[in-house]
Amino acid sequence: MNKKTGPILALIVFIIILIGGYFLGKYIAHEYNKKYNTSMNIFEILKIETQDVPINYVLKDGPKSIKELCGKDTGICDKEVGRIILNNVESKLYIYINFDNPTDEAINYFKLNNIKIGSFIYLDEFAIIGNYLIVTEPNSLNNNYIIHIYDNHGKETTNYMATNIVNNYEVKDNNLYFYYCDPTDTQEIDGNTLPKVSFYKVSSDNINEKNEESFEYKACS
């Protein structure tokens, strides 16, 4: 090989690597900024990724509303909001919510890692009971809402219809408590037709069974 050829080839290879690295860095930065809605260069991203940032377990202190998880209640929330642990398995919790959904389309969803779950018109709160994830789905027609319960694989184990009377559901000592107003079960009291309002308990040890703790016939609101 000619003595001059070696340095030239080395320079060419160096330039190719440099150009390739430049475009790779641009691509990585573009994808990162698109995912996290930021505008950083590759060096800023690498600095963040190498920092010892504590993991945010978002539901460890109790239920969180969509607004608390997303940090806003207008526009679009499209991001990873933190991590949760279900059945000793850690998962990234990702949420897509269009707060301005005037046509009531079922476009909202969440993900556990890469598992997309649901198409919802509305989502309200997230919580953990035992080894399960609770997600509540309200509606715009009345005070009723659905309590969805998922395992760590993103499979819906069960769900319950509930009614917001005193307040929403409560998770206490790994038990779920909620009210439900049943319009199909009524009694005539003092000239008024009143529905049955039941107070239910669900244990995390048997998530598929609800137990009626008490009931009375009264107005639902």
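Each remark here, short or long, concerns the structure printed above.
All of the points below concern the structure found in this document. Within any chain, residue numbers begin from 1 and follow the written order of that chain's sequence. Given that this is a predicted model, residues contribute local features only at a pLDDT of at least 70 and side-chain atom pairs are listed and counted only at 80 or more, while totals for whole chains, interfaces and linings are drawn from all residues. Working from all heavy atoms in the structure, the side-chain values ignore hydrogens and water.

## Let's talk about the packing of aromatic side chains
Centres within 6.5 Å are what make two rings of Phe, Tyr or Trp a pair, Trp counting through its six-membered ring; a difference in plane orientation under 30 degrees is then read as stacked, over 60 as edge-to-face, and the rest as tilted. Scanning the model with the defined rule gives 10 aromatic pairs in all. Measuring from centroid to centroid gives 5.5 Å for Phe110 and Tyr150, while their planes differ by 80°, and the two rings are edge-to-face. Residue Phe110 is located in strand β4 (residues 108-112), and its partner Tyr150 is located in strand β8 (residues 144-150); the two are separated by 40 residues in the primary sequence. Their ring planes at 90° and their centres at 6.1 Å tell us that Phe215 and Tyr217 sit as a pair that is edge-to-face. For the exposure calls, accessible area comes from a 1.4 Å probe over protein chains only, and a residue counts as buried if that area is under 20% of its type's maximum, exposed if over 50%, partly exposed in between. Tyr217 sits in the buried class, given a relative accessible area of 17%. Feature note: the residues Phe110, Phe120, Phe126 and Tyr150 constitute an aromatic cluster, connected by ring pairs. A ring is scored as having a charge over it whenever the NZ atom of a lysine or the CZ atom of an arginine sits within 6 Å of its centre and within 35 degrees of its normal. Between Lys111 and the ring centre of Tyr94, over which it is positioned, the NZ or CZ distance is 4.6 Å. Directly above the ring of Tyr109 sits Lys116, whose terminal nitrogen or CZ lies 4.4 Å from the centroid. In this text, helices come from DSSP runs of H or I with a minimum length of four residues, and strands from runs of E with a minimum of two, each type numbered from the N-terminal end.

## Remarks on the pattern of salt bridges
Counted as salt bridges are all cases of a side-chain nitrogen of Lys or Arg within 4 Å of a carboxyl oxygen of Asp or Glu. Enumeration over the complete set of coordinates arrives at three salt bridges. Notably, a salt bridge pairs Glu212 with Lys196, separated by 3.2 Å at the nearest N-O pair. Taken together, the residues span a long stretch of sequence, with Glu212 in strand β13 (residues 210-217) and Lys196 in strand β12 (residues 192-203) at a distance of 16 residues. Using a relative accessible area of 35% as the deciding quantity, one classes Glu212 as partly exposed. Looking at Lys196, the relative accessible area reads 15%, which means it is buried. Glu216 is paired through a salt bridge with Lys218; the nearest N and O atoms lie 3.6 Å apart.

## A closer look at the state of the cysteines
The disulfide criterion used throughout: a pair of cysteine sulfur atoms within 2.5 Å. As enumerated under the stated definition, the model contains two disulfides in all. Cys70 shares a disulfide with Cys77; S-S distance 2.1 Å. Note on the Cys70 and Cys77 pair: the S-S dihedral is about -85°, so by sign convention the disulfide is left-handed. The pair Cys70 / Cys77 is uniform in exposure class, with both members buried. Here Cys181 engages in a disulfide with Cys220; their sulfurs sit 1.5 Å apart. In this pair, Cys181 is assigned in strand β11 (residues 175-189) and Cys220 in the segment after β13, connecting sequence segments 39 residues apart. Using a relative accessible area of 6% as the deciding quantity, one classes Cys181 as buried. The disulfide pattern of the chain is 1-2, 3-4 when the bonded cysteines are numbered in sequence order.

## Quick notes on the nonpolar core
Grouping buried Ala, Val, Leu, Ile, Met, Phe, Trp, Tyr and Cys residues that are joined through side-chain atoms within 4.5 Å yields what is termed a nonpolar core. Counting residues in each nonpolar core, the largest one holds 21 residues, and the members touching the most others are Leu93, Ile95, Phe110, Phe126 and Leu133. Residue contributions to this core peak at four residues, all from strand β2 (residues 76-86). In what follows, a contact means two residues having at least one pair of non-hydrogen atoms within 4.5 Å. When neighbours within four sequence positions are excluded, Leu93 is seen to be in contact with Val58, Lys79, Glu80, Val81, Gly82, Arg83, Ile84, Phe110, Lys111, Leu112 and Phe126. Ranked by size, the runner-up nonpolar core spans 15 residues in total, among them Ile134, Tyr145, Tyr169 and Tyr180.

## Overview of the side chain of Ser65
Residue placement: Ser65 occurs in strand β1 (residues 64-65). Of the residues examined, Ser65 reaches a relative accessible area of 15% and is grouped as buried. Sequence-distant contacts of Ser65, defined by excluding residues within four places in its chain, comprise Asp124 and Glu125.

No statement about biological role is implied by the geometric values presented.
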